[in-house]
Amino acid sequence: MRILLRIGLCLCLSIAVTDRAAAQATRPPAVQADPRLPAGDYHALVVGVSDYGQWPVLPNAVQDAREVAGLLRQNGFDVTLLTDPTALDIKAAMSKLVTDTGGRQDRSVLFYYAGHGETRVLADGTKLGWIIPRDCPLPRESPDAFERTAISLRAVAAYASKIRSQHVLMLFDSSFSGEVLDLKVPTLGLPGDKTAVP
């Protein structure tokens, strides 16, 4: 796990620095723990849920989140770590990630979630993934309460679309049957993409 996480972190950070040159020219370089990483303003929200009220216990999710948070801190990230949070805790942290941390364009933001995931089939036949907070009931026992408590990947994508930071990376250590990759999230095109030719 640690080796894959380090390789993934180095790969992700390497990809995330493509637009840093212009921002770095206007400010002094930041102190960094790893000399291979470019100077920057890195922030992470790391969530791990192991101890559920109604779902099976996941003994490694919180430990994995702690390890990820530790690795990120070693590499210069300012990390907020949530362990066994409720739905309100996660939503409050995501809102803060959008409004405070992600409100500046010259930052890189990472979100990591380890815990249960659920995939539900919607009325139109499409599938939607959900992340499951500690206080979420099982969908078969209380579908209405599940809808109010679980956090859909559409909601996560809506949070992500509000972040103004140059680089946003979201990692999910959960089971969604691949639906996390099927979300249609609007992306910005290259400057020339919207240029009309007379």
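Caption draft 1: Local environment of the confidence of the model for the protein chain. Averaged over the protein chain, the pLDDT score is 77; the fraction of residues at 70 or greater is 68%. Mean pLDDT values for the elements of the protein chain range from 36 in helix H2 (residues 20-25) up to 97 in helix H3 (residues 61-74). This model gives residues 1-32 a pLDDT under 50, and the stretch forms 41 contacts once residues within four places in sequence are excluded. Counting contacts from residues 185-198, a segment whose pLDDT is below 50, to residues more than four positions away or on other chains yields 1 contact.

Caption draft 2: How the structure looks around the pattern of salt bridges. Per the counting criterion, the structure on display carries 3 salt bridges. Among the ionic pairs, arginine 107 bridges to aspartate 41, the shortest N-O distance being 2.8 Å. With arginine 107 in the loop between helix H4 (87-99) and strand S3 (108-114) and aspartate 41 in the loop between H2 and strand S1 (42-48), this residue pair connects regions lying 66 residues apart in the sequence. Classification of arginine 107 by relative accessible area gives buried; the value is 13%. Note on aspartate 41: relative accessible area 18%, which makes it buried. Across the salt bridge formed by glutamate 118 and arginine 120, the nearest N and O atoms sit 3.8 Å from each other. Here glutamate 118 falls in the buried class, since its relative accessible area comes to 18%.

Caption draft 3: Here's a closer look at the packing of aromatic side chains. What the rule picks out here adds up to 3 aromatic pairs. On the basis of an interplanar angle of 40° and a centroid distance of 5.1 Å, the ring pair of tyrosine 42 and phenylalanine 77 is categorised as tilted. Taken together, the residues span a long stretch of sequence, with tyrosine 42 in strand S1 and phenylalanine 77 in the loop between H3 and strand S2 (78-83) at a distance of 35 residues. When the ring centre of phenylalanine 146 is taken as reference, the NZ or CZ atom of arginine 120 above it lies at 5.7 Å.

Caption draft 4: Main features of the pairing of S3. Here S3 lies mainly inside the structure; 7 of its 7 residues are buried. Side chains Ser108, Leu110, Tyr112 and Ala114 of S3 all project onto a buried face; the interleaved residues Val109, Phe111 and Tyr113 project onto the opposite face, where all are buried too. Both S1 and S3 contribute to a ladder of 7 bridges, which runs parallel. Of the residues in S3, the one forming a bridge with tyrosine 42 is serine 108. Of the strand pairs in this sheet, S3 and strand S7 (residues 167-173) are connected by 7 bridges, and their pairing is parallel. Bridged to tyrosine 113 within S7 is phenylalanine 172.

Rules of the game
Residues numbered from 1 in each chain as written. Predicted model: local features only at pLDDT ≥ 70, side-chain atom pairs only at ≥ 80, totals over all residues. Heavy atoms only, no water. pLDDT = per-residue confidence, 0-100. Helix = DSSP H or I, 4+ residues; strand = E, 2+ residues; numbered from the N terminus. Contact = heavy atoms within 4.5 Å. Salt bridge = Lys/Arg side-chain N within 4 Å of Asp/Glu carboxyl O. Buried < 20%, exposed > 50% of the residue type's maximum accessible area, 1.4 Å probe, protein only. Phe/Tyr/Trp six-rings, centres within 6.5 Å; stacked < 30°, edge-to-face > 60°. Lys NZ or Arg CZ within 6 Å of the ring centre and 35° of its normal. Pairing = 2+ DSSP bridges.

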